[in-house]
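# Residue-level structural notes
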Amino acid sequence: MILRDVTLRDGLQLTGKLLPTERKVEIVRALLAAGVPELEIGSLARADLVPPMANTLDLVAALTEEELDRCWIWVATPRHVEKAIAAGARRFQYCFSVSDAHNRANIGRDTADSIAAMPAAIERAHAVGGGIQLCLATAFTCPFDGPVDPDRVVEIACDPRTDGAADIVVADTLGQAVPGQVSSLVARLAAESPDRRIVYHGHDTWGLGVANSLAAIDAGATVVDGALAGLGGCPFAPGASGNTASEDLLFATRPSWLDPEVFGALVRLGEDIVAELDEPNRSRARQGARSEAEAFDWVLR
């Protein structure tokens, strides 16, 4: 299992506050130094609509090529890819919603239009030796249209116009899925696209974030998304709650690079970020571990 920490994109976008570029650089480097394998660090969404993403390109420009090789940028159009490339990015998450209603609210176009534009985005990413993911938001539930047909998700994932995307990100945007649904859909996607990584992006609206992520892993997902302190949510998805906390996912999965000292540092980093943003800390790991080094050592034994 690979953890991708999405604190600096999905984690921040609902806070309404812009962290300075220098602070975002510090967070990126702290996460990478801790051993977190991959990060999602920003979005090319319009700054007037999602203010916390306004300095994404400045952040990209401030990072090294080696650092950027482990960092993903959210994009929704070929033009977004071009702008991110100019700043130095080489990893792109091309995202749109399975549901037309949410895609119009989030991106301003029908899903069919986003699919039609994807080959151009793939071409631009590959032209600079970059990688691109297919990200399917509202893969389980739409805040406007209700339950989403899993056949529709599989149909889009297998559309030949998405060929060239190395990964499929399946997103429970509202956090309303249950483990059985997650397991079933991830298993189908893994079977239909065996050469792609399956990434599961969950939210903890009903307290099932970790359970759903574990179900996804058991069904074939090799990457799961989380945000420090459970920050996050979609500003265009009424009812969306925070992301599954990275700390909770790490406590549940115990990757080989995690030790008590690293775990403690990540919990404290999450505490610092939510204090700066005046946001609640939703991590169960924080509640269980406290902040003393002895406690972290105890819970990881």
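Above this text sits the structure in question.
Residues numbered from 1 in each chain as written. Predicted model: local features only at pLDDT ≥ 70, side-chain atom pairs only at ≥ 80, totals over all residues. Heavy atoms only, no water.

### Focus on the side chain of threonine 138
By secondary structure assignment, the location of threonine 138 is in the loop between strand 5 (131-137) and strand 6 (141-142). Taking the relative accessible area as the measure of exposure, threonine 138 reaches 0% and is therefore buried. Not counting the four nearest positions on each side in its chain, threonine 138 is found in contact with Ser97, Val98, Ser99, His102, Pro143, Val148, Ala171 and Thr173. (Helix = DSSP H or I, 4+ residues; strand = E, 2+ residues; numbered from the N terminus. Buried < 20%, exposed > 50% of the residue type's maximum accessible area, 1.4 Å probe, protein only. Contact = heavy atoms within 4.5 Å.)

### As for the nonpolar core
Formed by 88 residues in total, the largest nonpolar core has its most connected members in Val28, Ile41, Phe92, Phe96, Leu136 and Val170. Ignoring any residue separated from it by four or fewer positions in sequence, one finds valine 170 in contact with Leu136, Ala139, Phe140, Leu185, Val186, Leu189, Ile198, Val199, Tyr200 and His201. (Core = buried A, V, L, I, M, F, W, Y, C linked by side-chain atoms within 4.5 Å.)

### A closer look at the sheet that holds strand 3 (residues 71-75)
Spatially, the eight strands close up into a barrel ordered 1-2-3-4-5-8-9-10, and their pairing is parallel. The sheet shows a mean angle of 25 degrees between the axes of neighbouring strands, taken without regard to direction. Where strand 4 (residues 91-97) and strand 5 come together, seven bridges link them in parallel fashion. Bridged to tyrosine 94 within strand 5 is leucine 134. Sheet strands in contact with helix 8 (residues 150-157) are strand 4, strand 5 and strand 8 (167-171), and its direction is about 160 degrees off that of strand 5. (Pairing = 2+ DSSP bridges. Axes fitted to C-alpha atoms, helices over the stretch in contact; angles between N-to-C directions.)

### A short note on the environment of glutamate 123
Checked against the element boundaries, glutamate 123 lands in helix 7 (residues 111-127). In the structure, glutamate 123 is positioned 42 residues away from valine 81 in sequence and 9.8 Å away in space, judged by C-alpha atoms.

### With respect to the packing of helix 11 (residues 246-253) against helix 12 (residues 260-277)
Where helix 11 meets helix 12, the axes come as close as 10 Å, and the angle between the chain directions of the two elements is 160 degrees. Comparing their axes, helix 12 and helix 11 come out roughly antiparallel. For the pair helix 11 and helix 12, the sense of crossing is left-handed. Here helix 11 contributes Glu247, Leu250 and Phe251 to the contact with helix 12, which in turn contributes Phe263, Leu266, Val267 and Gly270. Residues of the contact of helix 11 with helix 12, tallied by class, amount to five nonpolar, one polar and one charged. (Parallel < 35°, antiparallel > 145°, perpendicular 65-115°, else oblique. Left-handed = near helix turned anticlockwise from the far one by under 90°. Nonpolar A, V, L, I, M, F, W, Y, C, P; charged D, E, K, R; others polar.)

### Here we look at unusual backbone geometry
With phi around 50 degrees, arginine 254 is a residue other than glycine that occupies positive phi space. Inspection of the secondary structure assignment puts arginine 254 in the loop between helix 11 and helix 12. A positive phi is found at aspartate 278, a non-glycine position, where the angle reads about 60 degrees. Relative to the helices and strands, aspartate 278 resides in the loop between helix 12 and helix 13 (284-289).

### Structural notes on the pattern of salt bridges
Here the structure, examined in full by the defined rule, presents 16 salt bridges. Residue arginine 104 pairs with aspartate 110 through a salt bridge whose shortest N-O separation is 2.6 Å. A relative accessible area of 31% places aspartate 110 in the partly exposed class. (Salt bridge = Lys/Arg side-chain N within 4 Å of Asp/Glu carboxyl O.)

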